[in-house]
Amino acid sequence: MNWLLVVEQCLNGLQLGVMLFLMAAGLTLVFGIMNFVNLAHGSLYMLGAYFAVAFLKWTGSFAASVVLALLATLVVGMLVEVIALRTLYERDHLDHVLATFGLILFFNELVAIAWGRAALFASVPPALGGFVEILPRLRYPLYRAVIILVGLAVALLLYVVVSRTRLGMLIRAGASNRTMVAALGVNIRLLYTVVFGFGAALAGLGGLMAGPIYTVQPGMGEEILIEVLVVIVIGGIGSIRGALVGAVVVGMVDTLGRAFLKPMLATVVSPAAADSAGPALASMLIYILMAAVLYFRPQGLFPATRS
Amino acid sequence: MARRRRALAMLAALAALAAIPLVAGLVNQPFYLDLFRRIMIFAIAAVSLDIILGYGGMVSFGHAAYLGIGAYAVAIPALHGVHSAWVQWPLAMALSGLAALAIGAISLRTSGVYFIMITLAFAQMLYYVGISIEPWGGDDGMRLARRSQLGGPLDLGDPHVFYYVVLAILAVLLLVGDRVIQARFGTVIRAVKSNEPRMRAIGFSTLRYKLAAFVLAGAVGGLAGALLANQTEYLTPSYMHWTRSGDIMVMVILGGMGTLAGPVLGAAAFLLLENVLSAWTVHWQAILGPLLVLVVLYARGGLWGLLPGGASRDD
Amino acid sequence: MTEPLLQVRGLRKRFGGLVATDGVDLDVAAGETVAVIGPNGAGKTTLIAQLSGDLAPDAGRIRFAGADVTALPAPARSRLGLARSFQITSIFREFSALDNVALAVQAHAGHSFRFWRPARAEAALREPARTVLEQVGLGARGDVPAGTLAHGEQRQLEIAMALATRPTLLLLDEPVAGMGLDESARMVQLLRTLRGRHTIVLVEHDMDVVFALADRISVMVDGRVIATGAPEAIRMNPEVRRAYLGEEVSA
């Protein structure tokens, strides 16, 4: 057993987990506070990636492109909230699902119109190319390591904001008793727009970091969205802690499963059988995990108490 | 009263559908035959979803998975030389029903937004499984070796015969669906949507009824999938992609959910719109997207609700 | 001594830091009407929810009709003869009043895996439903959509649905909640006719109603039963008066 390979895949799993967390945090916040199912969250991720590529081309500076892409995604998120989604908070979840599904179709086409359907190439910025030596004889791509660090930093930032600031207090209060917060005279509409924008920015951050690693193309948001939904269901809707735990677990299980299930299977069944069953089973792993968690805890691991 | 009107509307629609092949022949546009047959197949899928979504209030976002299973249940036996529809189609319904049983057994223990996300996730799981199984085409999908054989004069290779077979199935489904909704079972399903805690309080073990409805809907979805495979003679795992589930859901809502006839209208409207729009621009989804949002925001009763006197829902 | 129809021992339930039910014992003999009263927050509705099966207790036992039902879910208890009405009206608003009651009848008329015959054509469901509607005074209102009934009529419908399940024990959670004087009086009349024929556990704030109907009264404060006895004894009980400081224990 090549232990270095295992460590490397664990790091990859952590990297995927961290990106899932960026998406999950925004989505679970929006759900917990506004009771809103936002399927278009993946579109914001996609926009982050596209904006980053576009701004890099425009300004030539990686740093500038990151800042601009984040801002742009934040603005788009808030615009969408104000224009299309605000009136839907009081409606039932089916309406949310349908409306945001419509937005997905719209954004995917919009992106195709602007940039075409072919995958765009996003390059790893030269400053972050290269490798870092994690262990003797294990060189890990610097870019991926940076993603992990950024993700953990954001997690820490979120923790501080949610538990130490007034905004965070409003968020926690809103998650457990929305009507009470409104009754206390807090400008609920503004709070909602801010939360939504914040979530959009997080998704955009995930998208722009993901660009160089995964393909930038229309529909990229939906692929990761499903995994994010699994994360939230496992972690418990409305809970940031749940989002973090769920994200890391899902990231690990998915990555390690895809890397090692086939070879592990091949030790017990024929290589041919492992070849065809391995990938199929690996792709099912996180869903089996979700089913297992739900069996024992239908509300997820850390459900935010809601009323 | 609502029932009488619905029955009349459905008869009119079925009569219109029956006339399409004749019209298509007159104007020498066999394409319409194909298009309306496709509409009817999706109408079958949409009606099956309406049972659990419109009447049962279960927002299942994974219905396309059952169509996919049904399609593969036709294509895979065909690959191995089994072409009889009397084997393939019951198999399609049985396998989809079984998948619905497994998915439902887990998903129905949750509710609300969890339920939506979980049905979505499980359906997508099946999609990923479909992609990764190479012997069955994987990502590229597979061709249907031969259309299902019904035997005797019923040759699905003949476009007209195939059309009327699908029409017959749709008609039977609407008739049976109507009876089921009015029967004890349908009443329970509708009441569960209205107030599930009350149902439990008066003595109904609601889970078993919801699960049964879920399985029935899945099985009929599988039949739609079997027909779809015959229609396109080609299938890919993308039939099971969650955006396809979204399309079917849109058809139900667009047409008017909880009306049985609405989904038929919705399927027609959706596919006709797609047809017209895609002739204008390849980016027709940029129009469909906002259109959907508007329908949700402003026309909740769907097309059925816009018809004169259509506002009174099923009772 | 025959076993009480309902026997509760050591029932406990907590929600996080809040102890809603703190070791409740309760006996209800067949045919009795027992009222459970107490100040707001005493845990009365939580108690009803645990008795009906809508809420699982953390500890304790509930015996009903000679069987331990603690682990049984609500539908199973209903089938054993335990019926509940809700404090916040819980009916099928889109269905007619008759449909509402017929559903309750249907729940106890065999299984509902029937797919062909219209349920509305089943006289075996409609006739008993009509009878119960008459019994509660809604005979003329059967075809009205339940959501459009007046509040008082909806409370009557609540009772009708409970009765239609042919229960031996009725758990009534504030049956006159939100009702005016006339409506309350009519409801009390109705409940009087049920006394003796059904065993009743009644949660109520309205003391007139309680003294008009109860054979015995149990007083709950902070999740515990502090006193049980005949109405007069309870009225004189110093602990009870203290618990109700500021509240009127009238008549």
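Rules used throughout
- All residue numbers here refer to positions counted from 1 along the written sequence of the relevant chain.
- Labels follow written order: the first chain is A, the first ligand is 1, and so on.
- Where totals are concerned, whole chains, interfaces and linings use all residues; where local detail is concerned, this predicted model gives features only for residues with pLDDT of at least 70, and gives and counts side-chain atom pairs only at 80 or more.
- In this description, any two residues whose backbone-derived C-beta atoms lie within 7 Å of each other are considered to be in contact.
- Helix and strand assignments follow DSSP, with helices taken as H or I runs no shorter than four residues and strands as E runs no shorter than two, numbered in order from the N terminus.
- In this classification, Asp, Glu, Lys and Arg are treated as charged, Ala, Val, Leu, Ile, Met, Phe, Trp, Tyr, Cys and Pro as nonpolar, and every other residue, Gly included, as polar.
- Here the limits of each domain have been adopted from an automatic or database domain assignment.
- In predicted models, pLDDT denotes the confidence assigned by the predictor to each residue on a 0 to 100 scale.
- The rule for pairing is simple: two strands pair if DSSP sees at least two bridges between them.
- The axes are straight lines fitted to the C-alpha atoms, using for helices just the contacting stretch, and the angles between their N-to-C directions are given from 0 to 180°.

## Digging into the interface of chain B and chain C
Now for step 1: Facing the 21 residues of chain B at the interface are 28 residues of chain C.
Now for step 2: Counting residues per element, the ones that place at least two in the side of chain B that touches chain C are α6 (159-182), α7 (184-202) and α8 (206-232) of chain B.
Now for step 3: With 12 residues, α7 of chain B is the single largest residue contributor to the side of chain B that touches chain C.
Now for step 4: Of the residues in the side of chain B that touches chain C, the class split is 11 nonpolar, 6 polar and 4 charged.

## Concerning the domain arrangement of chain C
All names here are of chain C.
Now for step 1: Per the domain assignment, the segments of chain C are domain 1 (1-81 + 167-251) and domain 2 (92-166).
Now for step 2: At the junction of the two partners, domain 1 supplies 11 residues and domain 2 supplies 11 residues.
Now for step 3: Counting residues per element, the ones that place at least two in the side of domain 1 that touches domain 2 are α2 (74-80) and α6 (181-194).
Now for step 4: The biggest single contributor to the side of domain 1 that touches domain 2 is α6, with 4 residues.
Now for step 5: A per-class count over the side of domain 1 that touches domain 2 returns 6 nonpolar, 2 polar and 3 charged.

## A word on the confidence of the model for chain A
Now for step 1: When the pLDDT values of chain A are averaged, the result is 86; 97% of them are 70 or greater.
Now for step 2: Within chain A, helix α2 (residues 41-59) of chain A carries the highest mean pLDDT (92), whereas helix α7 (residues 178-183) of chain A carries the lowest (73).

## Section: the sheet that holds strand β2 (residues 18-28) of chain C
Residues and elements named next belong to chain C.
Now for step 1: Read from one edge of the open sheet, 4 strands run β2-β1-β4-β5, paired in antiparallel fashion. The two strands at the open ends of the sheet, each matched to only one other strand, are β2 and β5 (67-68).
Now for step 2: Examined bridge by bridge, strand β4 (residues 59-64) and β5 share 2 bridges and lie antiparallel to one another. Within β5, the position partnered with Phe64 by the bridge is Ala67.
Now for step 3: Contacting β1 (6-15), β2 and β4, helix α1 (residues 44-52) crosses the sheet at an angle of about 60 degrees to β2.

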